[in-house]
Amino acid sequence: MSELDYSPFMREAIALARKGRWKTWPNPMVGAVLVRDGQVVARGWHRAAGQDHAEVACLKDAAAKGIDASQCTLVVTLEPCCHQGKTPPCTNAVRQAGIKKIVVGLSDPNPEACGGACQLREAGLEVIEGVCAEACRDLVADFLVWQQKQRPYVILKMAATLDGRIATRRGESQWISSEESRQEVQQLRAGIGRCGGAVLVGGGTFRADNPRLTVRPISEDEPDCPQPLACVLTSRLPQPDADFYLLKERPAQTIFLASPAAAASTTAKALRDMGVRVLSLGPALRGGPDLTHMLHTLWEELHCPYLLCEGGGHLALSLLESGVVDEFRLHMAPMILGDEDAHPLFSGRAPLSLDEALRMRVIGTHISGGDIHIELRPLQLAEGK
């Protein structure tokens, strides 16, 4: 088979890998299939940290089916590891299975685990690399952020009308998106909560919407979902006795990110006394809050692997302009307001040329309850900038 012939099998391995999302942290999602005579005969994926890696799971699936793996080609989304961690090196398992050919989507970015492809070549295996490389890189985009930037993986989620409005001129936004779309958001929050991640809103959204930022039970099998942390980026701290849900019901899970002066105020002390965390956040070089420092603070102090931003066009634009958005999920509702005074999806820039636009790359689309869901990544991430 030529390299292009392996793309359908790699896409199936990618789909398998996605089954492990939210469970593999701090490991990447990885999928693998065994191919014989142009057919997938065994499958495996990394189900959770500490459990079998995808290659080993796939080989066990083959053994359970009585399939001779030595007569198959292994297709795996990420280069097999060659170091001893919580599990043995996958390169050993591949060699012991008698595999003669392996197809790899992406080289392992982890310096402790990379080098598996070279080891397998030295052992006499044929190794093909780079099949569906961009899709495999997207699959482990969160892992790349953790490894290379030591900060949370940032997901921006917004809902808008077809004419790009997130609320009426009076601020009414409930509900632009469908019930099915809102259920997907619940599932997203649940996954982030399971990993110890956080949901972020701006101070304006906090004051206007009095959000809960919680997860409703999404299934009978998991009635008590771990709740994500609730983060509020604000220039004005609330009074401790203010009537906000986060203060009354979730103080221990709430974090305010405020200026150094606000974080040192008596209000901040009173909030801390009731269990709320108030973290100091200085200004960036060009004004506004230092969002890069905010992310590193969440990573270092709260060990937060994911940050879901749900609040406000100004905060969303600030995150995009700062280059810290890793994934953008846009829910477009099939409705039109037609009011130029309604709240826009983004505002605050004044580009004079299309060259100044913030460009995105579409990585996926689907329909949910009539809404169009578009998944994007900032173009500079795809280009490695």
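Residues numbered from 1 in each chain as written. Predicted model: local features only at pLDDT ≥ 70, side-chain atom pairs only at ≥ 80, totals over all residues. Heavy atoms only, no water.

A closer look at unusual backbone geometry
And then number 1: With omega at 5°, the peptide bond leading from Trp25 into Pro26 counts as cis.
And then number 2: With respect to the helices and strands, Pro26 occurs in the loop between α1 (7–17) and β1 (31–36).
And then number 3: Residue Trp175 follows Gln174 across a cis peptide bond; omega there is 0°.
And then number 4: A positive phi angle, close to 55°, is found at Asp37, a residue other than glycine.
And then number 5: Here Asp37 shows up in the loop between β1 and β2 (39–45).
And then number 6: The backbone phi angle of Leu213 is positive, close to 60°, even though this residue is not glycine. (Helix = DSSP H or I, 4+ residues; strand = E, 2+ residues; numbered from the N terminus.)

What to know about the UniProt feature "binding site: NADP(+)" (unreviewed entry) in the protein chain
And then number 1: Within this numbering scheme, the UniProt entry marks Ala159, Trp175, Thr205, Asp209, Ser235, Gly312, Gly313, His314, Leu315, Ala316, Leu317 and Ser318 as carrying the feature "binding site: NADP(+)" (unreviewed entry). Their sequence span is 160 residues, while the largest C-alpha to C-alpha distance among them is 27.4 Å; these annotated residues do not converge on one region.
And then number 2: Its relative accessible area of 44% is what places Asp209 among the partly exposed residues.
And then number 3: By the secondary structure assignment, Leu317 is in helix α13 (residues 313–321).
And then number 4: If we ignore the near neighbours within four places in the chain, the residues touching Leu317 are Phe346, Ser347, Gly348, Arg349 and Leu358. (UniProt positions renumbered as here; feature names shortened; annotations may be inferred. Buried < 20%, exposed > 50% of the residue type's maximum accessible area, 1.4 Å probe, protein only. Contact = heavy atoms within 4.5 Å.)

Things to note about the nonpolar core
And then number 1: Core analysis: the largest hydrophobic core is formed by 77 residues, its most contacted members being Leu34 and Phe256.
And then number 2: No other element matches the 6 residues that α1 contributes to this core.
And then number 3: A domain split of this core shows at least three residues from each of domain 1 (6–141) and domain 2 (150–378).
And then number 4: Not counting residues up to four positions away in its chain, the partners in contact with Phe256 are Phe206, Val232, Thr234, Leu237, Pro238, Leu247, Leu271, Val276, Arg277, Val278 and Leu279. (Core = buried A, V, L, I, M, F, W, Y, C linked by side-chain atoms within 4.5 Å. Domains from an automatic or database assignment.)

Re the environment of Thr24
And then number 1: Within the element layout of this structure, Thr24 appears in the loop between α1 and β1.
And then number 2: In this structure, the C-alpha to C-alpha distance between Thr24 and Ala48, residues 24 residues apart in sequence, is 4.2 Å.
And then number 3: With sequence-adjacent residues up to four places away left out, Thr24 is seen in contact with Met29, His46, Arg47, Ala48 and Ala49.

Details of the side chain of Thr73
And then number 1: Within the secondary structure, Thr73 is located in strand β3 (residues 73–78).
And then number 2: Ignoring any residue separated from it by four or fewer positions in sequence, one finds Thr73 in contact with Tyr6, Val33, Leu34, Val35, Lys101 and Val103.

Some points on the sheet that holds strand β15 (residues 360–368)
And then number 1: Sheet architecture is open: 9 strands sit in the order β11-β10-β9-β8-β12-β6-β13-β16-β15, paired in mixed fashion. Strand pairing shows two members of the sheet lacking a second neighbour, β11 (277–280) and β15, which therefore form its edges. Going from strand to strand, the sheet's axes swing by 25° on average, the running direction of each strand aside.
And then number 2: The pairing of strand β6 (residues 153–161) with strand β13 (residues 327–333) spans 7 bridges and is parallel. Residue pairing in the sheet places Met158 in a bridge with Leu330 of β13.
And then number 3: Each of β6, β12 (306–309) and β16 (371–378) is contacted by helix α6 (residues 141–149), which is oriented at about 135° to β6, the strand it contacts most. (Pairing = 2+ DSSP bridges. Axes fitted to C-alpha atoms, helices over the stretch in contact; angles between N-to-C directions.)

Some points on the pattern of salt bridges
And then number 1: For the structure on display, the rule yields 17 salt bridges.
And then number 2: We note a salt bridge from Arg361 to Asp138, for which the minimum N-O separation is 3.0 Å. Of this pair, Arg361 sits in strand β15 while Asp138 is found in helix α5 (residues 133–139), placing the two residues 223 residues apart along the sequence. Each member of the pair, Arg361 as well as Asp138, is classed as buried.
And then number 3: For Arg169, the salt bridge goes to Asp341, with nearest N and O atoms at 3.3 Å. (Salt bridge = Lys/Arg side-chain N within 4 Å of Asp/Glu carboxyl O.)

Here's the deal with helix α11 (residues 266–273)
Residues three or four positions apart in an α-helix share a direction because the helix packs 3.6 residues into each turn.
And then number 1: Buried within α11 are the following residues: Thr267, Ala268 and Leu271. Angular distribution of buried residues about the axis of α11 spans 100°; they occupy a single face of the element. Away from its buried face by more than 90 degrees, α11 exposes Thr266, Lys269 and Asp273.
And then number 2: For α11, the elements touching its buried residues are α9 (245–249), β10 (254–258), α10 (260–263) and β11.
And then number 3: Phi for Gly275, located one or two positions after α11, is positive at around 105°. (Arc of directions from axis to C-beta.)

Quick word on the domain arrangement of the protein chain
And then number 1: As assigned here, the protein chain comprises domain 1 (6–141) and domain 2 (150–378).
And then number 2: Inter-centroid distance (C-alpha atoms) of domain 1 to domain 2 is 35 Å.
And then number 3: Taken together, the 6 residues of domain 1 in the interface contact 15 residues of domain 2.
And then number 4: Around 980 Å² of area is buried between domain 1 and domain 2 when both sides are counted, 59% of it from carbon and sulfur atoms. (Buried area = accessible area lost by both parts, 1.4 Å probe.)

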